[in-house]
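# Secondary and tertiary structure notes
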Amino acid sequence: MKKIKVFSTIAIFGALLASTAACGGGSKKITVWVGDESLAFYQKVCQEFLALEENKDFGFQIEVKAQDTGAAAGVITQDPSAAADIYTVAHDNVGKLVASKNAKPITDADLKAQVEADNSEGFVNVSKVGDQLYAVPYISQALFLMYNKSKVSDEQAKTFEGLKAAAAAAGEGVKGWTVTGSDGFNFSYTLLARKESDKSSSLKIYEGGVKTTGSCWVQGDDEVAFVKWAQKMKEDPNGMMWASSDGWNMDLANNAAVAVIGGAWHYNAFVQSVGSENAGLALIPTFTLDESTAFGTATAGTTYRGGTFADCKVFMINGKSKSNKYVAEQKLLKFLSSASIQDRSFVECNNVPAYKAFSAEAVKQAYPEVAEQSLQLAAVQTGMSAYGMPQPFITGVLNTYFYSKGAPDLYKVIVDKWDTSLKKAVYTTDADIQKGLYSMQYIWQKGETPKDSAIPATLPADI
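What you are looking at is a predicted structure, and each value in this text was computed from that prediction instead of being measured.

Cis geometry marks the peptide bond from Leu-459 to Pro-460, where omega comes out at 5°. Among the structural elements, Pro-460 can be located in the segment after helix H17 (430–446). You will see that Tyr-206, though not glycine, has its phi angle at about 50°, which is positive. For Tyr-206, the location among the structural elements is in the loop between strand S10 (194–195) and helix H8 (221–235). With phi around 60°, Lys-417 is a residue other than glycine that occupies positive phi space. Positionally, Lys-417 belongs in the loop between helix H16 (407–416) and strand S19 (418–419).

This is the structure:
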């Protein structure tokens, strides 16, 4: 069995500098930002890149540093001249980084061809602004279910009804599942749910990269039914709970809930909460409407599966990077985003590849030493991609309107059926739910909450 050699960060970086000493001197350097969990790996593969015969005249040192990918876009926007030449961000930051002139387009023909050929249409589209490619996908991510195997059977984990039954057996008042946050991303599984039979949904979010009439739609019969179901589950003694002030991980550790919907970045905390021997992974479960939750064409007996944003992390080139590095940067990106390097990143760092032909089984054959945990994480993430969509925020305005103008807070109030500021019950009827969803769509498109007088008497309605 092959063993993956793990080098210390210091040793790798020292070897990297030594190997690049002849490549044009210390002033000729390309800097790269990656997530902390991937630092040692990308330092190593950059060293390998420079050692290739074809790159003997590359002309630059490569310095790889760790940067929190969640905060990277903000750091770059505040002080782009201090940021790396090549940086990693989640794809929903692409538009605002381009708009703020902190990104250069991908112009190398070979790199563009690789991105187009290797990735899904969705990942290619979110890497562009207009017709121009600005980003290079190399990691994928999605939400899925993590459950306590000492409380929930593998069969029960397949449905939300099963989670309720497991919670009821686990003790009085125990909840079937929780979520890692009530924001528009971590609590999105109901909004993004799809019919299990054909994976269909009426939902539209900024189709075509615009916020005009027809580009957004969250007023479909299925979306009303999803809210009614979520309201019922929130009220159910063994249904859904929001994370307590102690945190979702402590809620699992304290047996307040038996499962959580989250992403791979939550997995280590989940394992610490329930123990590695009890760590179960599955697709986000299915739920079946009944007479109390059905609405219009979303009829009783129809089964849906909770959905996800199926996203990618991307490499981008800093708009303030020196022009003499431009060709070399794109050559390096072609190597770092290649399928073979993505596979190795998966084996060594648990980074699920973004390229569409990725197969965990194929990687296992090539790397028998790959951890079973990694294979399970890959299986549930890639499995959820069929029930997901990339976050469609190709401009900073769309991102802001969706997340930061009050729509997630409104959706939570609708599900809770309680307005904390008014201290009264709200959204208790189908008509009220329709008004709430109209208001949410209005925020997506207009960036503000509509006045009550502006909501049409007959719904649904275009905006």
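Scanning the model with the defined rule gives 15 salt bridges in all. As a salt-bridge pair, Glu-63 and Lys-65 come within 3.9 Å of each other at their nearest N and O atoms. Taking the shortest distance from any N to any O, the salt bridge between Glu-155 and Lys-158 comes out at 3.1 Å. Classification of Lys-158 by relative accessible area gives partly exposed; the value is 47%. One connected set of salt bridges, linked through shared partners, spans Lys-29, Glu-63 and Lys-65.

In this section: the nonpolar core. Inside soluble globular proteins, nonpolar side chains tend to come together where they are buried. Membership of the largest hydrophobic core comes to 78 residues, with the highest contact counts inside it found for Trp-177, Tyr-189, Ile-205, Phe-270 and Trp-444. Those residues in contact with Tyr-189, other than ones at most four positions away along the chain, are Phe-160, Trp-177, Val-179, Trp-229, Met-240, Ile-261, Ile-284, Gly-306 and Gly-307. Judged by nonpolar contacts, the second largest core, of 32 residues, contains Tyr-42, Phe-58, Ile-106 and Tyr-326.

Bringing the sheet that holds S10 into the picture now. Pairing within the open sheet is antiparallel, and its three strands lie in the order S10-S15-S14. With one partner strand each, in any of the chains shown, S10 and strand S14 (286–288) form the two edges of the open sheet. Relative to strand S15 (residues 303–305), S14 runs antiparallel, the two being bridged by three bridges. Among the inter-strand pairings, Phe-287 is bridged to a residue of S15, identified as Tyr-304.

Let's shift gears to the sheet that holds strand S9 (residues 177–179). The mixed open sheet is built from five strands, whose spatial order is S11-S9-S12-S8-S13. Pairing within the sheet leaves two strands with one partner each, and these edge strands are strand S11 (240–241) and strand S13 (279–282). In the sheet, strand S8 (residues 144–148) pairs with S13 via four bridges, with the strands oriented antiparallel. Residue pairing across strands places Leu-145 opposite Ala-282, the latter belonging to S13.

Our focus in this paragraph is the state of the cysteines. Note on terminology: a disulfide is the covalent bond linking the sulfur atoms of two cysteines. Per the counting criterion, the structure on display carries zero disulfides. Among the cysteines around Cys-312, which has no disulfide bond, Cys-349 carries the closest sulfur, lying 18 Å off.

Every buried residue belonging to helix H15 (residues 396–404) is among Gly-396, Leu-398, Asn-399, Tyr-401 and Phe-402, and all of these are buried. Residues of H15 that are buried make contact with helix H4 (94–99), strand S16 (308–309), H16 and H17. Once H15 ends, the next one or two residues include Gly-406, with phi positive near 105°.

The subject of this paragraph is the packing of aromatic side chains. Counted according to the given criterion, the structure contains 32 aromatic pairs. Ring geometry for Phe-160 against Trp-177: centres 4.6 Å apart, planes inclined by 50°, an arrangement best described as tilted. With a gap of 17 residues between them, Phe-160 in helix H7 (residues 160–170) and Trp-177 in strand S9 connect regions that are remote in the sequence. There is no split in this pair, since Phe-160 and Trp-177 are both buried. Their ring planes at 35° and their centres at 5.7 Å tell us that Phe-187 and Tyr-411 sit as a pair that is tilted. With Phe-187 in the loop between S9 and S10 and Tyr-411 in helix H16, this residue pair connects regions lying 224 residues apart in the sequence. Site record: aromatic cluster; members linked through ring pairs are Phe-160, Trp-177, Phe-187, Tyr-189, Phe-226, Trp-229, Trp-242, Phe-287, Tyr-304 and Tyr-411. Above the plane of the ring of Tyr-387 lies Arg-305, whose end atom (NZ or CZ) is 5.1 Å from the centre.

Cut-offs applied
Note that residues are indexed from 1 along each chain, following the sequence as it is written. Only residues with pLDDT of 70 or above have their local features reported here, since the model is predicted, and side-chain atom pairs are shown and tallied only from 80 upward, although totals for entire chains, interfaces and linings are computed over all residues. Side-chain numbers come from the whole structure's heavy atoms, not from hydrogens or water. By the criteria applied, helices consist of DSSP H or I runs no shorter than four residues and strands consist of E runs no shorter than two, each listed in order from the N terminus. By salt bridge we mean one thing: a side-chain nitrogen of Lys or Arg within 4 Å of a carboxyl oxygen of Asp or Glu. Classification of residues uses two cut-offs on accessible area relative to the type maximum, computed with a 1.4 Å probe and protein chains only: under 20% is buried, over 50% is exposed, and between them is partly exposed. We define a nonpolar core as any set of buried Ala, Val, Leu, Ile, Met, Phe, Trp, Tyr and Cys residues linked to one another through side-chain atoms lying within 4.5 Å. Any two residues having at least one pair of non-hydrogen atoms within 4.5 Å are treated as being in contact. Any two strands between which DSSP finds at least two bridges are classified as paired. The disulfide definition used here is simple: a pair of cysteine sulfur atoms within 2.5 Å. For Phe, Tyr and Trp, rings pair up if their centres lie within 6.5 Å, where Trp contributes its six-membered ring, and each pair is then called stacked (planes under 30 degrees apart), edge-to-face (over 60) or tilted (otherwise). Two conditions define a charge located above a ring, namely a distance within 6 Å from the ring centre to NZ of Lys or CZ of Arg, and an angle within 35 degrees of the ring normal.

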